[in-house]
Amino acid sequence: MKITLKVWRQGGKYKGEFVEYKLDNVKEEMSFLEMMDVLNESLVQKKEQPVAFEHDCREGICGTCSMVIDGQPHGPQKATTTCQLHMRSFKDGDTIYVEPFRAKAFPVIRDLVVDRSAFDRIIQSGGYISVNTGQAQDANAIPVEKDVASMAFDAAACIGCGACVAACPNASAMLFVSAKVSHLAMLPQGKVEAKKRAQAMVKTMDMEGFGRCSNVTACEAECPKEISVNNIARLNREYLGSVFASEKIV
Amino acid sequence: MKKLDAKIPEGALSSKWQQYKSSVSLVAPNNKRRLEVIVVGTGLAGASCASTLSELGYNVKVFTFHDSPRRAHSIAAQGGINAAKNYQNDGDSVYRLFYDTIKGGDYRSREANVHRLAEVSTSIIDQCVAQGVPFAREYGGLLENRSFGGVQVSRTFYARGQTGQQLLIGAYQSLSRQISTGGVKMYNRHEMLDLVIVDGKARGIIARNLLTGELERHAAHCVVLATGGYGNVFYLSTNAMNSNTSAAWRAHRRGAAFANPCFTQIHPTCIPVSGTYQSKLTLMSESLRNDGRVWVPKSQEDAKAIREGKKSPLDLSEEQRDYYLERIYPSFGNLVPRDVASRAAKYVCDEGRGLGETGLSVYLDFSDAINRLGKNVISARYGNLFEIYQKITGEDPYKVPMRIYPAVHYTMGGLWVDYNLETTVPGCFALGEANFSDHGANRLGASALMQGLADGYFVIPYTIGNFLAKEIRTPKIDTSLPEFEAAEKEVRDRINHLLSANGNQSVESFHRRLGLIMWDYCGMSRNADGLQKAIRMIRELREEFYRDAFVPGTNEEYNPELEKALRVADFMELGELMCIDALNREESCGGHFREEHQTEEGEALRNDEDYAYVAAWEFGGNPSEPILHKEELVFENVKLITRSYK
Ligand SMILES: Cc1cc2nc3c(=O)[nH]c(=O)nc-3n(C[C@H](O)[C@H](O)[C@H](O)COP(=O)(O)OP(=O)(O)OC[C@H]3O[C@@H](n4cnc5c(N)ncnc54)[C@H](O)[C@@H]3O)c2cc1C
Ligand code: SF4
Ligand code: FES
């Protein structure tokens, strides 16, 4: 396949612009990132600075890869991270735009690499259960209904990639925050701190410069792990109603 | 280097750890506050260690090259985590888990460490559930188990196919809580490039800030390395792309012995390589072998015809197929252990009977199972795996047989540690996949997660006290000491050296070539000639690398190519040591198969008389002249027997 890439380059000699690259020998069975590897190998051969992009597991689980492909975070395939996207999703002769995740709270570091440490700070503000090592009782002491455990898992499957933020016109992090709040609040072990947790995390989200949720639900559509917007509803209904009523989150 | 001393406590095997815990030196709370610990790595081992030490009151500084601690390679583990809970009442016990691990490791691990691992395994599950890890549950609400990797009990806990993710998120959240209390200072996007030793003790590291390129000096009373395995020395592996050996290797160059480097695990069920552009291999869970049948065509002609697209596998009759595992190993069939299945696949492909464009894959066929059980049952069991497979290959495994090939997956070797998890450098500890300690020559499925969390949550918090109790009068370590200055200069020189070569070949291409050498000569089976050849080739490649590699950009910026160059340089030294170790070990055991040492039927032949030892290599001043130290393994509680799967 012949593919034309228009890649956002920023940093070094680039001020922030799309640069065009033509690739002649793209194979259908290549992953999108393998195609980027081939591009970079050719740039290095020409002694140019390769395109910076982040990746690690290449299995759709670590949440490191983060490109907007033709306007969609993680590209066109549903429930698929960029690293799991394959070139058979494109056609010979296609022109593809590749950009970083864009949000005020995710400043661009270079080219396609952004700083998502705001997510860490949100978790640090309350996204945990306060239990020290060695304090736990026997694992089977509290039975948890199978379905409840399964629902908690659905929320816990979030990989912290930030696509929800990049997809949202308000650059809100509500899907990410609500997934964590729901995961922990659904389990008996996490109920104790549930209210405090939700409030602290939403407060940090605001402080970090993420926008407010206005129910667009683009986040759910682009989330590679299909995290449901029901989590946002649960967050609002159960914990935030009283505190933020005047600010109207939903 | 002093003589190796494993510091195994006296007493009966089952009471060693209890006695150790009640007699180990403790550090008083007011003293803990004055002691600093550096932890490098935030995988299961590093995150669990750092959060626990901070909870205890130590001052902890944590480093990771990732943008967030949650991205560590542990996140990718799929299958599960073992623990001797005996919740299924099927006869499991601490002793049985201990025994299975020793036997699975082909009798090349240390009894006392493995027994401790089995003992603390049960507390891990308690801790993780308390953190909110959503393990699979039964209808009654209790935890569910499955069996894994050829053991006779169900002791594996799991969270769908994402156990590593859920365990790591649990540890990451505990770590986050400690960051918020100020007990942990977190350094993301920082890569450790050297260990600093002052008066014989590990007192700090040199780290490169990956955003600015600045070299930073960080000091502490001791240093814990939880930096993962070195499978990426093979270039292609199931490890995350950025996993590397540099932290461990740099510690090795500073005096930490490297143990059993040639013990690597090759997993039989991975998605085969599809082209030279490929940079990463994907694991398909081992569970597939429960229902899939492995085969290749009987004749080379048929295999060739299929490779060229002239025939389809569905055209071949039963008589034209060779279900080679069932043929050679009638009693275990498709369920032989990982190393046996991997080698058998290599042999049939070497005979020219492999499939796929490259000829390097075999079929894993579900048609019998689908006929017998129905598509629904198979889809309920393996649906998500089939989906992953289809995403990557574009083929539908319900219709055409899946293709698989072995790939490098895990490294049992690593930094030598004693019972305290301390390396041969006082004050430098190694946890998780970075150490060599528990898996001998072969790791059982679902035991790496267990070991990482055991080391971090339940072992190091005690054993580090043994070292730190003697340090309570040591003031804060000063980073302006000449040792820091010298180490920083060495790192700077290394970086400048790489940047100034200004050659013509990419770092990636060198890594790929190194990987091929390792795979061909130090992979699934090894022999003396091949290993000697590999050693020569690696030396030449290293020389060529420093002469002709091209690293774009400068040090003073975000520069992933420079990061890669530093890592590949270290892999090229480790690769040689692996070959030297494989050459030294004149026996076949676990993942290490020496062609010279096999039975008439082609099975591994262990040599307990001469090789029941841990090979701990000291750095000898240059990578080609390591010095061998032996830790003889003493088996007081298990009898050494030969594995047989016929
Ligand atoms: C695909 C796959 C599936 C697996 N499935 C299972 C399974 O089902 N069950 C099981 O028990 N095991 C499994 N394993 C093995 C297991 O996942 C690993 O052995 C284990 O997670 C290693 O954990 P760790 O904490 O030792 O290291 P890692 O998780 O690799 O963490 C290493 C950390 O060190 C940091 N680091 C490394 N070097 C430096 C440096 N120089 N400077 C700064 N930071 C550094 C990294 O950033 C990272 O944070 C699997 C492995 C793979 C590849
Ligand atoms: S909610 Fe979905 S899109 Fe957002 S960070 Fe989590 S996995 Fe990514
Ligand atoms: S690289 Fe890990 S999710 Fe894409």
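Residue positions are given per chain, counted from 1 along the sequence in the order it is written. Chain letters start at A and ligand numbers start at 1, both assigned in the order the entries are written. Owing to the predicted nature of the model, reporting of local features is limited to residues with pLDDT of at least 70; listing and counting of side-chain atom pairs is limited to 80 or more, with chain, interface and lining totals taken over all residues. The basis for the side-chain values is all heavy atoms of the structure; hydrogens and waters are excluded.

**A word on the sheet that holds strand 5 (residues 184-187) of chain B**
The strands that make up a sheet pair up through hydrogen bonds in the backbone, lying either parallel or antiparallel. Residues and elements named next belong to chain B. We call two strands paired when DSSP finds no fewer than two bridges between them. Note on conventions: DSSP H or I runs of at least 4 residues are helices, E runs of at least 2 residues are strands, and numbering of each starts at the N terminus. Pairing in this open sheet of 5 strands is parallel, and the strands run 5-2-1-9-17 from one edge to the other. Looking at the sheet topology across the chains shown, the edges are occupied by strand 5 and strand 17 (428-430). The sheet shows a mean angle of 20 degrees between the axes of neighbouring strands, direction not considered. Where strand 1 (residues 36-40) meets strand 9 (residues 222-225), 4 bridges bridge the pair, whose relative direction is parallel. The partner of valine 39 across the bridge, within strand 9, is valine 224. For this analysis, residues touch if any pair of their heavy atoms sits within 4.5 Å. To obtain each axis, a line is fitted to C-alpha atoms, and for helices this fit is confined to the stretch in contact; angles are then taken between N-to-C directions over 0 to 180 degrees. Across the sheet, helix 6 (residues 163-181) is in contact with strand 2 (59-63) and strand 5; its angle to strand 5 comes to roughly 110 degrees.

**Side note on the site of ligand 1**
Residues and elements named next belong to chain B. Residues in contact with ligand 1 amount to 37 residues; listed here are only the nearest, Thr64, Ser74, Gly79, Glu433 and Leu449. A 3.5 Å cut-off defines polar contacts: any pair of N or O atoms within that distance qualifies, except that in protein one atom must be a possible hydrogen donor and the other a possible acceptor, and neighbouring residues in sequence count only when both atoms are side-chain atoms. A distance of 3.1 Å separates an oxygen atom of ligand 1 from a polar backbone atom of leucine 44. Between ligand 1 and the protein, one listed contact pairs an oxygen atom with a side-chain N or O atom of histidine 66 at 2.8 Å. Under the convention used here, a 1.4 Å probe and the Shrake-Rupley method define accessible areas, while residue burial counts only the protein chains that appear. Taking 1000 Å² as the accessible area of ligand 1 by itself, protein coverage stands at 97%. Contributions of two or more residues to the shell around ligand 1 are made by helix 3 (44-56), strand 6 (190-198), strand 15 (402-411) and helix 13 (448-468). Broken down by element, the shell around ligand 1 gets its largest block of residues, 3 residues, from strand 6. The criterion for a residue being near a molecule or strand is simple. One of its heavy atoms has to lie within 4 Å of it.

**Some remarks on the packing of helix 2 (residues 117-124) of chain A against helix 5 (residues 174-186) of chain A**
All names here are of chain A. At a minimum axis separation of 11 Å, helix 2 and helix 5 run at an interaxial angle of 30 degrees. As helix 2 packs across helix 5, the resulting crossing turns out to be right-handed. Residues Phe119, Ile122 and Ile123 of helix 2 lie in contact with helix 5, whose contacting residues are Phe176, Val177 and Lys180. Of the residues belonging to the contact of helix 2 with helix 5, the class tally is 5 nonpolar, no polar and 1 charged. By the definition used in this description, the sense in which the near helix is turned from the far one sets the handedness, with an anticlockwise turn below a right angle giving left-handed and a clockwise turn giving right-handed. The nonpolar class holds Ala, Val, Leu, Ile, Met, Phe, Trp, Tyr, Cys and Pro. Asp, Glu, Lys and Arg form the charged class, and all remaining residues, Gly among them, are polar.

**What to know about the environment of B:Lys470**
All names here are of chain B. Take lysine 470: it is sitting in the loop between helix 13 and helix 14 (482-501). In this structure, the C-alpha to C-alpha distance between lysine 470 and lysine 3, residues 467 residues apart in sequence, is 22 Å. In this structure the side chain of lysine 470 is engaged in a polar contact, spanning 3.2 Å, whose partner is the backbone oxygen of asparagine 466.

Treat this as a map of the structure, not an account of what it does.
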